[in-house]
Every structure is written in structure tokens, then in C-alpha cells.
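# An overview of the molecular structure
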Amino acid sequence: MITSGRKIILLAGILLMAVGLLACGASAPEPSDYSEQEPPAFYETEADKKEEMMSPKPTSYPVAAAAAAAAAESFQEPAQASVDSFEVEKAATAQSIPASFESTTSSPVTRAAQDRVIVRTVAMTLVVSDVPESVDRVAGVARDFDGWVVSSNRSAGHSAFVAIRVPAQRLDDVVMQLRQLAVKVKYETTHSQDVTDEYVDTESRIRSLEATEQSLLELLDRADYVEEALHVQQSLTQLQADMEAMKGRIRFLQETSAFSLINVDLELSPAALPVDAGPDRTFSVGQAAQFRASFAPPAGLDDFTFTWDFGDGTPPVTGYGTAPKPEGDGRVTATVNHIYGDDRDSPFIVQLDITGKGETLSAEGSDTIIATVTKIPTIEVFIQEFLDVEEGQEAEYIGSFTSPAGLRDLQYRWDFGDGSPVITGVPEAGVTRTAVNHIFNDYRSKPYNVTLTVTAQSEAGEVKGSGFSTVRVIESQGLIIGGWSAVATGKAATRALSAVAQGVGTLIIWLAIFSPVWLIGGGIAYLLLRLQRRRGRSAFFYGGLSRGEPRESAPAETT
């Protein structure tokens, strides 16, 4: 049996451990490996940073608290506490108070509060002339300042990444050295995070846990039974694990504040790539505009990407197709089509960017042109829609058209649709009318389509307008005397003769086609007639004999 005094001592120790856990606070970091970690994440705004620093931490020591509760439940509280047990509990409580609380002027907590613990991180993007060499030079800078390389990565000679740690007090000097390695500093940012509050709070919890650990060790030495020792040992094991996690966090904060992290991205400086996007252009609203460029890449490039930005707010167009020039050196890009839907913001700045990459080389080039977008002027053409002309007679054809401002090089073109040569001409300045003569030599029942086309040049290109006329050709009437026309009479006679000839020809064709039918029908009719005649003579002969009439000789048949 466990004596009442021992029970009181063990219970007092467990209660002391619980008091120590409550004094540690409600938060502690989770156990983890702090040998090397990435720097704290960047905050987008200062409000996000404050929210992260002031957010409550997860409650620690769940196993230790559970073990302490289990140990407390295994003992029954005595009805009365003796004077000796009260003295033991008082002594144990006095041991749990950290000595550092008695004099805070020289404690590490005060020193950490006075000297702020700052974690600084730098991110840089450097454009260099030689990526592999620059990786080695960055590592050399870290060693020169008593730092080291955390990690590095290279990619096909075009880019690389190096992470180094250097003493925090020499960070600005290291950054200056790294800038001198670059052809151009493309990007640089520095982030600082104050972790003093976390550092001080973690140190305070560690000292409280150390005091509680000492009390548990004393209870473990006084335990007379295995059951008592097991309960105390479980609480002690979890307590020590939590302490190691906090000490690891302290070491991490010390290292990250003492040695700042620098992330360096290295990019290969591209060579110059001559690009020619062509001359400035003028386009019309709603019509497809075509863009094509030429460039002269240096040797060793075999992968090209080009991007057209048309300047009107539409998304840029990216292409990859290129081909050697048909003549001379260099290459040309594939043709890209674009339609400008409005001319209100004209002119537009069109930019072309081309990049090329090889195994150990890259190149970049760009060019711009001015695209002027205008609305195309309209040319309206007017011509008489329907005309009747006599065959063989010369007739005049008249057309007119509009000439908006900004047009030049006007030309007209007559096409009469009968196979005759077209008639072209240039109107005089200020003249918007054209007239030509033409003869339709052949009559036909189907009318002819006459077209007048007017073309001109504008800033947006060629402008065209057309007018159409339907011309019916009438047969010529010839010479007319007193209402009588020899030509008309001759034509009428000719038409009558043609009709007779047509009828005779049709009859002959019918007879020729149906001649077998006529022959067969005639033969059948002849045979039937012969047969009828024979039957008639036979009836006459036999009828006379029956009446007693003398028989006469039948006349001879003739063929």
C-alpha cells in the first residue's frame, strides 16, 4: 500500500507540473526539423503580416496534459493533509519558479527584447552574359563573405537559380557584389520580418518547461512503485519532446536572423536580333490587314517565337512559323491577319517582338510600325438600266460617277459583254461623266449586260464602283419606201420559205422513220383485199348452181 504521505507528495508533483504547463502559455510551434528551412513567406500587404503575427498559435503539450490527468486520476485525494506533506508541496512549488524571473535585467529575454530579431530575405533576377560562369561567381561571393550555397539549378545554359546564405550584417555588401556580376539587374526586392516576439515567447516557455522538468525528475526519483514511475515518465517524455521542438525553433530563428537568404535567378543576356516589320501602312475599317516581317538571326538559333501587338487593345497574336527568305539571307515570319473594327483611335502603334533560342545562345529583337486606319470612300456609278438598240447601228452610252475627296488616279472601264475589246480611259480633273459609242453587230434574243467600272486610289488602298445596264438588240429594219420595206419583205419571204422547207423536211423525216410501218400495213391491206374478192366469186358461183343457172367459165385472173 502507498502511504498517505507519498500519495500527497505524488499528487503535489502532478499538480505542480500542470501549473507549469499553464504558465507556459497556450501556444507553441509544432515539432519539426529546423536544420534548414525556406525563409518566411512574403506578405502582400502589411495588414496580412500583422494578422499572421497576432493570430493564435495551436495549443501544445496535449500528450503531457493527458498523462498528467491520468496520473492524477490514479490517486485518491486524502481526507487530511499532514504538516509534512504541506511542506513538501511548498518546497516543490518554490522549485518550479524560474530563477530568471527574480532578476530580469541580465536575462536573455531582456537582451532579445532589446536587440530585435530580424529575418531578412532578398530576391534578385540578374541578366548575365554567361550563365554557368555566373553560377560559380555567385557561389564564390557567398564563400568570400563566410556564407554558403543552399541550392542551385541550371537549365540548358539559358537560365539558372542559386540560393545562398550570408551573414546578416554583411547582406548589403553581398548584394552590391552580386549587382556587379550582372549586365542588368532585372528585378530586386528585400523582405524583412520581425520575429522578436516569437523568439522571446519561445524562450520563456522553454524556461518554464525546464523548471517543470526538474520537478518531474525529482518526483521520479522519489517514486517507490512502478506504476508511479510510469505515469511520471510519460509526462516527462512528452515534456522533453516539446522542449526540443521549441529549442529547434529558437535555433532556426537564430540562424535565419544571423544568416540572410538570397535567392538569385540568372538569365542569359540575349544577343541583338535585327527585325524589319515593314513600312508604315494604311488600312481600311473592316478589311483584313496582313502583317509579315523579316529578320536576320545569328548563327546557332533554330527556335523562334514572334508576337504581334496591333495596338488597338486586342490580345497579341503569337506565332512560331518562320521560313528562309526566297532571296538573300535571313528569315521571314508567317503572315498574320488582323481586322481593325474602328478608326477613332487611329493611328495605331504596331509592335513586333521576336525571340530566338539555340543550345547556348539566345537573341531578341523588336520593331514598330504605324498603322493608320480609315474608312474607305465610296464611288457610286450611274448608268441607264435598260436600253434598246438596233443591230448594226452605232449608239452612245453615257455614265456618271461620284468622286469623294481623297481619291486619286481615277479610271473608267466599259465592258459591253459581246466579246468586243473593253474601252478604258482617264477622266479629266473635276469631270465625273464619261460617254462612249458602240455597235452591236449581232442580234440575239437574250439581252447584253453592259458594265461601267470606275477605280481610284486612296490612303486605304484601291476603291472601286460599278454600274450595270441591260441592252436589248433589235433587228435592223433596212430600207423603207411608202410603208413597204424590201428588207422586211425579203425577210418575211425568207421566213415563209424556211417554214415550208421545215415542213417538207419534217414530212420526209416522218416518212423515212415510219416507212417499215407503212409497208407492213399496205401488205396486210392488199392481202385482205385479195381474200375478200375470192370469197365474193366463190359465193356467186355456188349460188348460181343451186338455182339451175348454167355455169359460166370464170375469167382468167390477172396479176
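Just so it is clear, the structure is predicted and the values come from calculations on it, not from any experiment.

### Topic: the overall build of the protein chain
Helix and strand counts for the protein chain come out as 10 helices and 27 strands. Scored against the burial criterion, the 559 residues of the protein chain give a buried share of 33%. Within the protein chain, contacts between residues at least 6 apart in sequence are counted, and of these 73% link residues at least 24 apart. When the accessible surface of the protein chain is totalled, it reaches about 34,000 Å², and 54% of it is carbon and sulfur.

### Some thoughts on the pattern of salt bridges
Under the defined criterion, the tally for this structure stands at nine salt bridges. The closest approach of N and O atoms between glutamate 188 and arginine 179, which form a salt bridge, is 2.5 Å. Judged by its relative accessible area of 29%, glutamate 188 falls in the partly exposed class.

### Describing the pairing of strand S11 (residues 301-309)
Inspection of the sheet shows S11 paired to strand S16 (residues 348-358) by eight bridges, in the antiparallel sense. Each bridged residue has a counterpart across the sheet, and for tryptophan 308 the counterpart in S16 is leucine 352. Of the pairings in the sheet, the one linking S11 to strand S12 (residues 317-319) comprises three bridges and is antiparallel in character. Residue pairing in the sheet places threonine 307 in a bridge with threonine 318 of S12.

### Some details on the sheet that holds strand S24 (residues 448-458)
One key point about sheets: their strands pair by backbone hydrogen bonds, in either a parallel or an antiparallel sense. Strand order across the open sheet formed by five strands is S19-S25-S24-S21-S22, with mixed pairing between neighbours. Only two strands of the sheet have a single neighbouring strand rather than two, namely strand S19 (386-390) and strand S22 (423-425). Ignoring strand direction, the axes of neighbouring strands in this sheet form an average angle of 25°. Here 11 bridges tie S24 to strand S25 (residues 461-474), and the two strands are oriented antiparallel to one another. Bridging across to S25, threonine 453 finds its partner in serine 466.

### A look at the nonpolar core
Side chains of nonpolar character tend, in soluble globular proteins, to be buried together. Within the largest apolar cluster, 24 residues are counted, with the highest numbers of intra-cluster contacts made by Leu126, Ile164, Val174, Leu178, Ile262 and Leu266. Ranked by residues supplied to this core, first place goes to helix H6 (residues 131-144) with five residues. Those residues in contact with valine 174 that lie beyond four places of it in its chain are Val141, Phe145, Ile164, Val166 and Ile262.

### Side note on a nonpolar patch on the surface
Where nonpolar side chains cluster on the molecular surface, the patch consists of Leu507, Ile509, Trp510, Leu511, Ile513, Phe514, Val517 and Trp518 and spans about 890 Å² of accessible area. With respect to the element layout, isoleucine 513 can be found in helix H10 (residues 486-546). Its relative accessible area of 57% is what places isoleucine 513 among the exposed residues.

### Overview of unusual backbone geometry
Cis geometry is found at the peptide bond from serine 346 to proline 347, where omega equals 5°. Along the polypeptide, proline 347 turns up in the loop between strand S15 (336-339) and S16. Positive phi is not limited to glycine here, since aspartate 146 has a value of about 60°. Within the fold, aspartate 146 resides in the loop between H6 and strand S2 (148-155).

### Section: the environment of threonine 470
Looking at where threonine 470 falls in the secondary structure, it is placed in strand S25. For the pair formed by threonine 470 and phenylalanine 416, sequence separation is 54 residues and the distance between their alpha carbons is 9.7 Å. When neighbours within four sequence positions are excluded, threonine 470 is seen to be in contact with Glu385, Phe386, Leu387, Pro447, Tyr448 and Asn449.

### Examining the packing of aromatic side chains
This structure, assessed with the given rule, holds 12 aromatic pairs. On the basis of an interplanar angle of 20° and a centroid distance of 6.2 Å, the ring pair of phenylalanine 283 and tyrosine 340 is categorised as stacked. Of this pair, phenylalanine 283 sits in strand S8 (residues 281-284) while tyrosine 340 sits in the loop between S15 and S16, placing them 57 residues apart in sequence. With respect to class, phenylalanine 283 is no different from tyrosine 340; both count as buried. The ring centre of tyrosine 448 lies 3.7 Å from the NZ or CZ of arginine 444, which sits over that ring.

### Re the side chain of histidine 438
Inspection of the secondary structure puts histidine 438 in strand S23 (residues 433-439). A polar contact is formed between the side chain of histidine 438 and the side chain of aspartate 418, at a distance of 2.9 Å. Apart from the residues within four sequence positions on either side, histidine 438 is in contact with Gln393, Glu394, Ala395, Tyr397, Phe416, Asp418 and Ser420.

### Thoughts on the confidence of the model for the protein chain
Taken residue by residue, the protein chain gives an average pLDDT of 74. The fraction at 70 or more is 72%. Across residues 552-559, where pLDDT falls below 50, the model places two contacts with residues more than four positions away in sequence or in other chains.

### Let's talk about H6
The terminal C-alpha atoms of H6 lie 20 Å apart, and with 14 residues this matches the ideal 20 Å at 1.5 Å per residue to within 8%. Among the residues of H6, those classed as buried are Val131, Ser134, Val135, Val138, Ala139, Gly140, Val141 and Ala142. For H6, the secondary structure elements touched by its buried residues are strand S1 (118-128), S2, strand S3 (159-167), helix H7 (171-180) and strand S5 (259-268). The first or second residue beyond H6 is aspartate 146, which carries a positive phi of 60°.

Conventions and cut-offs
- Residues numbered from 1 in each chain as written.
- Predicted model: local features only at pLDDT ≥ 70, side-chain atom pairs only at ≥ 80, totals over all residues.
- Heavy atoms only, no water.
- Helix = DSSP H or I, 4+ residues; strand = E, 2+ residues; numbered from the N terminus.
- Buried < 20%, exposed > 50% of the residue type's maximum accessible area, 1.4 Å probe, protein only.
- Contact = heavy atoms within 4.5 Å.
- Areas by Shrake-Rupley, 256 points an atom, 1.4 Å probe, with all protein chains shown as cover.
- Salt bridge = Lys/Arg side-chain N within 4 Å of Asp/Glu carboxyl O.
- Pairing = 2+ DSSP bridges.
- Axes fitted to C-alpha atoms, helices over the stretch in contact; angles between N-to-C directions.
- Core = buried A, V, L, I, M, F, W, Y, C linked by side-chain atoms within 4.5 Å.
- Patch = residues over 30% accessible without salt bridge, like charges linked within 9 Å, V, L, I, M, F, W, Y side chains within 5 Å.
- Phe/Tyr/Trp six-rings, centres within 6.5 Å; stacked < 30°, edge-to-face > 60°.
- Lys NZ or Arg CZ within 6 Å of the ring centre and 35° of its normal.
- Polar contact = N/O pair within 3.5 Å; in protein donor to acceptor, adjacent residues only side chain to side chain.
- pLDDT = per-residue confidence, 0-100.
- Expected span 1.5 Å × (residues − 1).

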